[in-house]
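Remarks on the overall topology
Here is what each chain is made of, one letter per residue.
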Amino acid sequence: MAFPNGFLWGGATAANQCEGAFDADGKGLSTADVMTAGAHGIKRRVTPELEPGTYYPSHAAIDHYHRYREDIALFAELGFTCYRFSVNWTRIFPQGDEEEPNEAGLAFYDGILDELERHGIEPLVTISHFETPLGLVEKYGSWENRAVVDCYLRYARTLFTRWRGRVHLWLTFNEINCMSTQPWVAAGIASEDEGVRMRAAYHQLLASGLATQMAHEIDPANRVGAMYAGHFAYPASPDPADVIGTMRFMQRMLFYLDVMCHGSYPPYKLRELERQGIALPVEPGDAEALAAGTVDFVSYSYYNTHVTGAKTRGVIKGMNGLDTGYKNPYLNRSDWGWTIDPTGLRFSLNLLYERYRRPLMIVENGLGAVDTVEEDGSVHDPYRIAYMRDHLLELECAIEHDGVPVMGYTMWGPLDIVSASTGEMKKRYGVIYVDVDDGGRGTFARSRKDSFAWYQKVIATNGASLHEDA
Ligand code: BGP
């Protein structure tokens, strides 16, 4: 059997995209809470004033805050052995820089862990997933300021201590390389300036290294992972200039993982920073902290692949960094223009394992698509099944044929949640349908799509049923 015993099967969510209850029980505002969304995409606000009458998708989201028991029961019915979720920083530290945590916020996640334990589902906790406390943005200018490292460490220590023995798998930052593609969403950085971004990235990498060490000290059974936004690119042509352009693109993305796995900045990045005239805010002891804080495993999101080359000089533009200026004529695209490339998953698993020699985990994958609810309430989603099946078969091939150690697979958004890049509900990933529309209207009722039974069987057979469908 290709999928090893103990392979983690499950789903992944982010607090701000599913919880709602944005101001409940003492929660403060985060960057996600001041982002509006509408039919024409997403606007960003950097001021804390909420506009009355404006729809903010994070405010109610899919009301997981009040329905998590029902939701986790559905995950259990699917057979999940792992659930990746994020803690909303502002539930625990409403402004981000308090000395003491908010007990009500911690108690909410205690409840989630209770349910997971009841169902024998292993938690994988993302400490920071696209929801920087607005208090830290306003008071300190967010991650550009080293003071935020200490705030993050206080927050991380609170979680490690509270859930010692209950949570063993941690991710320090969701998609840490998104500092380079969508810094406001990822880190509350609104500046276009590369120096600001690189100083903020330095502080996140430092915070991640220190938190990793801390997690190991608090509980040696803790395993801490990096989490990379799966940007992988093919060269536009065999022209060596395109190959070098693609190499540069990958270096701009992978240097984050290089630091987290190798414990220091790679020479190519140091040279680039020097050319750009950017000085990293290094202090005594930092180098040791990075070296001692390397991760135990590497996780990433995988949705698509890109094409880059000389023309773009490795520059990525646009939300989620998808606009590299080249189209791949060999691949189909989703309704949102994302390429569909199952083979690229195998390629990426090999690439990351060769480079890092750490166990890997796919912590996001799936198809954002428009679903149609039939009169009888059913949702027929063969496109989603095909997408997941094709990707899982390539993942299996990477394990079986290439010998890549893969710890698990958590599909993105097992129940429909708000889209991070557009704020829409109609971009649905779930095998569980949630009755909410783009304006936040609906009954919030959950129901099973066709893909629910399909995924349930894949999990129950530890992947063997993938071959029945193929
Ligand atoms: C990743 C994020 C997630 C998630 C996913 C799908 O970048 O980590 O939070 O949302 O992408 O993206 P979207 O929701 O924009 O379709």
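Scroll up to find the structure this text is about.
Read on for an overview of the structure. (Residues numbered from 1 in each chain as written. Predicted model: local features only at pLDDT ≥ 70, side-chain atom pairs only at ≥ 80, totals over all residues. Heavy atoms only, no water.)

1. Some points on the overall build of the protein
Note the threshold: In this text, helices come from DSSP runs of H or I with a minimum length of four residues, and strands from runs of E with a minimum of two, each type numbered from the N-terminal end. Just to be clear, the radius of gyration here is over C-alpha atoms, and the globule rule we use is 2.2 Å times residues to the power 0.38. Buried residues are those whose accessible area, probed at 1.4 Å on protein chains only, stays under 20% of the maximum for their type, while exposed residues exceed 50% and partly exposed ones sit between those limits. Contacts between residues were defined by any pair of non-hydrogen atoms, one from each residue, lying within 4.5 Å. Values of accessible area rely on a 1.4 Å probe in the Shrake-Rupley scheme; residue burial ignores everything except the protein chains shown. Under the convention used here, Asp and Glu are negative, Lys and Arg are positive, and both His and the chain ends fall outside the count. For this purpose, a charge sits on NZ of Lys, CZ of Arg, CG of Asp or CD of Glu.
Helix and strand counts for the protein come out as 16 helices and 16 strands. Relative to the compact-globule value of 23 Å for 470 residues, the protein shows a C-alpha radius of gyration of 21 Å, a close match. The principal-axis extents of the C-alpha atoms in the protein amount to approximately 60 × 55 × 45 Å. Taking all 470 residues of the protein together, 61% fall into the buried category. Contacts in the protein between residues far apart in sequence, at least 24 positions, make up 76% of those at least 6 positions apart. In the form shown here, the protein has an accessible surface area of approximately 17,300 Å², with 52% of it arising from carbon and sulfur atoms. Across the protein, the mean location of the 43 positive side-chain charges is 4 Å away from that of the 62 negative side-chain charges.

2. Section: the pattern of salt bridges
Our working rule: Salt bridge, as used here, is a side-chain nitrogen of Lys or Arg placed within 4 Å of a carboxyl oxygen of Asp or Glu.
Under the criterion given, the structure shown has 32 salt bridges. Residue Asp110 is joined to Arg162 by a salt bridge in which the shortest nitrogen-to-oxygen separation is 2.6 Å. Of this pair, Asp110 sits in helix α5 (residues 103–118) while Arg162 sits in helix α7 (residues 147–162), and the two are 52 residues apart along the sequence. For Asp110, a relative accessible area of 17% translates into the label buried. Linking Glu144 and Arg199 is a salt bridge whose minimum nitrogen-to-oxygen distance equals 3.0 Å. Taken together, the residues span a long stretch of sequence, with Glu144 in the loop between α6 (134–140) and α7 and Arg199 in helix α9 (residues 194–218) at a distance of 55 residues.

3. A look at the environment of Ala14
Structurally, Ala14 can be placed in the loop between β1 (8–12) and α1 (15–18). For Ala14, a relative accessible area of 0% puts it in the buried group. Sequence separation of Ala14 and Asn88 is 74 residues, and the distance between their C-alpha atoms is 8.3 Å. If we skip the residues at most four places from it in the chain, Ala14 touches Ser86, His129 and Trp412.

4. Comments concerning the side chain of Thr410
Topologically, Thr410 is positioned in strand β14 (residues 406–412). With near-sequence residues (within four places) excluded, Thr410 lies in contact with Gly10, Gly11, Ala12, Cys82, Arg84, Met361, Ile362, Val363, Glu364 and Asn365.

5. As for the pairing of strand β7 (residues 223–229)
Threshold: Pairing between strands is defined by DSSP: at least two bridges between the two strands are required.
Burial within β7 is extensive, with six of its seven residues counted as buried. Sheet topology places strand β6 (residues 169–171) next to β7; three bridges connect them, and they run parallel. If you follow Leu169 over to β7, its bridge partner there is Arg223. Of the pairings in the sheet, the one linking β7 to strand β9 (residues 297–301) comprises five bridges and is parallel in character. When the sheet's bridge partners are listed, Gly225 is paired in β9 with Phe297.

6. So, a negative patch on the surface
What counts is decided by this rule: Within this analysis, patches are made of residues with over 30% relative accessible area and no salt bridge. Like charges are joined at 9 Å or less; nonpolar side chains (Val, Leu, Ile, Met, Phe, Trp, Tyr) at 5 Å or less.
Taken together, the side chains of Glu374, Glu375, Asp376 and Asp450 make up a negatively charged region of the molecular surface. Looking at where Glu375 falls in the secondary structure, it is placed in the loop between β13 (360–364) and α14 (382–400). Looking at Glu375, the relative accessible area reads 88%, which means it is exposed.

7. Quick notes on the site of the ligand
Spelled out, the test is: If a single non-hydrogen atom of a residue is within 4 Å of a molecule or strand, that residue counts as near it. Here a polar contact means two N or O atoms within 3.5 Å. Within protein one must be a hydrogen donor candidate and the other an acceptor candidate, and residues neighboring in sequence count only if both atoms are side-chain atoms. For this classification, Asp, Glu, Lys and Arg are treated as charged, while Ala, Val, Leu, Ile, Met, Phe, Trp, Tyr, Cys and Pro are nonpolar and the rest, including Gly, are polar.
Near the ligand lie 14 residues; those nearest to it are Gln17, Glu175, Ala420, Ser421 and Tyr429. Contacts to the ligand include Gln17, whose side-chain N or O atom sits 2.7 Å from an oxygen atom. Contact between the ligand and Ser421: an oxygen atom at 2.4 Å from a side-chain N or O atom of the residue. Look at the ligand: alone it shows 370 Å² of surface, and the protein chains cover 98% of it. Partitioned by chemical class, the residues of the shell around the ligand number six nonpolar, five polar and three charged.

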